[in-house]
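# Structural features, examined
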Amino acid sequence: MGKIIDGKALSQAVKDEVKAEVERLQAAYGRKPCLAVIIVGENPASQVYVRNKVAAAAYTGMESRKLELPADIGEEALLQRIRALNDDPDTDGILVQLPLPSHIDEEKVIDAIAPEKDVDGFHPENVAGLWLGKRCIVPCTPAGVVRIIDSLGLDLAGKHAVVVGRSNIVGKPVAKLLLDRNATVTIAHSRTADLGAVCRSADVLVVAVGKARLVTGDMIKPGAIVIDVGINRGADGKLCGDVDFASAEPVASWITPVPGGVGPMTIAMLMKNTIACFLGRQE
Ligand code: NDP
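Throughout what follows, the structure given in this document is the object of discussion. (Residues numbered from 1 in each chain as written. Predicted model: local features only at pLDDT ≥ 70, side-chain atom pairs only at ≥ 80, totals over all residues. Heavy atoms only, no water.)

## Brief notes about the sheet that holds strand β5 (residues 160–164)
An order of β1-β11-β8-β7-β5-β6 is seen for the six strands of this open sheet, with the pairing classed as parallel. Lying at the two open borders of the sheet, with one neighbouring strand each, are β1 (3–4) and β6 (184–188). Bridge count for β5 against β6 is five bridges, and the pairing is parallel. Looking across to β6, one finds that Ala-161 is bridged to Val-185. (Pairing = 2+ DSSP bridges. Helix = DSSP H or I, 4+ residues; strand = E, 2+ residues; numbered from the N terminus.)

## Notes on the nonpolar core
Formed by 49 residues in total, the largest nonpolar core has its most connected members in Met-62, Val-145, Ile-149, Leu-178, Val-206, Ile-227 and Met-271. For this core, the element with the most residues is helix α10 (residues 262–280), which contributes ten residues. Looking at which domains feed residues into this core, each of domain 1 (30–114) and domain 2 (140–263) gives three or more. When near neighbours in sequence (up to four residues on either side) are disregarded, Ile-149 contacts Leu-156, Leu-178, Val-204, Val-206 and Ile-227. Grouped together as the second largest cluster of nonpolar side chains are 18 residues, Val-162, Leu-195, Val-207 and Ile-255 included. (Core = buried A, V, L, I, M, F, W, Y, C linked by side-chain atoms within 4.5 Å. Buried < 20%, exposed > 50% of the residue type's maximum accessible area, 1.4 Å probe, protein only. Domains from an automatic or database assignment. Contact = heavy atoms within 4.5 Å.)

## As for the site of the ligand
Close to the ligand lie 22 residues, the nearest being Arg-166, Ser-167, Ser-190, Ile-231 and Thr-266. Ser-190 places a side-chain nitrogen or oxygen 2.5 Å from an oxygen atom of the ligand. Ile-231 is positioned with one of its backbone polar atoms (N or O) 3.1 Å from an oxygen atom of the ligand. For the ligand, whose accessible area on its own is 930 Å², the fraction buried by protein is 70%. A per-element tally of the shell around the ligand places α10 first, with three residues. Tallied by class, residues from the shell around the ligand come to ten nonpolar, ten polar and two charged. (Near = heavy atom within 4 Å. Polar contact = N/O pair within 3.5 Å; in protein donor to acceptor, adjacent residues only side chain to side chain. Areas by Shrake-Rupley, 256 points an atom, 1.4 Å probe, with all protein chains shown as cover. Nonpolar A, V, L, I, M, F, W, Y, C, P; charged D, E, K, R; others polar.)

Below, the structure written as structure tokens:
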């Protein structure tokens with residue numbers, strides 16, 4: 001029987017670390033880190049994510065500002081708001097909740113955020129930093145995935161890690177972080193032949209696809225570590241991951257549930273990144 005990784009408990013520990021750090025920074029610098037979150041329009045899922053991020057910031061004691069902008073805001077007007085936050089000495093982190101309405105070019109928006117305030121780690125300068133092994137802000141979900149894996153205390157050297165999904169925000173950065181831990185990494189995607197065989201060769205399997213219960217127990221090597229990044233609404237209306245938990249759990253050694261796995265860790269790592277941005281700006 002696989003052991004279930006408690007992402008909620010782990011994220012609580014990270015948020016408590018951040019809380020202590022906020023107090024220390026307030027004492028040392030006379031000011032708390034401040035995260036600005038921009039939400040454009042009224043996408044219900046985005047509103048939930050932003051609410052959770054602001055609540056996490058409040059828990060840690062850091063400052064946060066929520067900028068709610070109308071769905072029909074022009075691209076230039078949004079870019080101006082970002083530039084103003086870039087120039088604001090009291091703002092340490094800037095997050096623009098994605099997706100944006102279709103008339104706004106997301107790439108332009110990401111590029112406009114000052115790299116040293118880019119808490120999501122999506123700016124090309126941070127992406128390059130990650131791949132070149134330079135100091136950078138690591139995207140929150142991939143950082144959460146490896147924090148979960150690190151918490152198991154296993155040496156990944158010589159292990160085969162398979163990442164299913166090759167998006168810029170999850171799959172690719174997760175693969176690089178596993179490579180940094182000396183795993184031998186394979187990235188699978190929609191054109192991969194025999195996904196089952198590829199997954200079955202994994203000692204560590206990270207799935208970030210966005211397809212409910214795509215990976216089933218028969219695709220998992222006995223004893224593998226399974227990290228499920230997916231967030232989907234199943235046919236039964238319930239939240240579920242990209243891994244079929246019921247069939248996977250008896251085969252895996254460790255497995256993350258959905259909800260309560262990677263999701264809470266993403267928000268906790270956002271808090272960590274805000275601290276990193278604050279510290280980066282003190283130098
Ligand atoms: P994207 O849609 O950007 O990428 C999905 C990837 O999955 C693509 O690389 C795609 O391949 C691949 N894929 C699609 N279908 C298959 C298939 N049948 N077999 C193998 N690979 C396939 O998604 P994201 O990376 O943004 O997100 C993935 C999931 O993670 C989503 O459910 C999302 O909601 C969730 N998520 C969760 C977060 C959290 O905090 N827990 C944060 C961010 C995302 P190809 O490139 O060939 O098209």
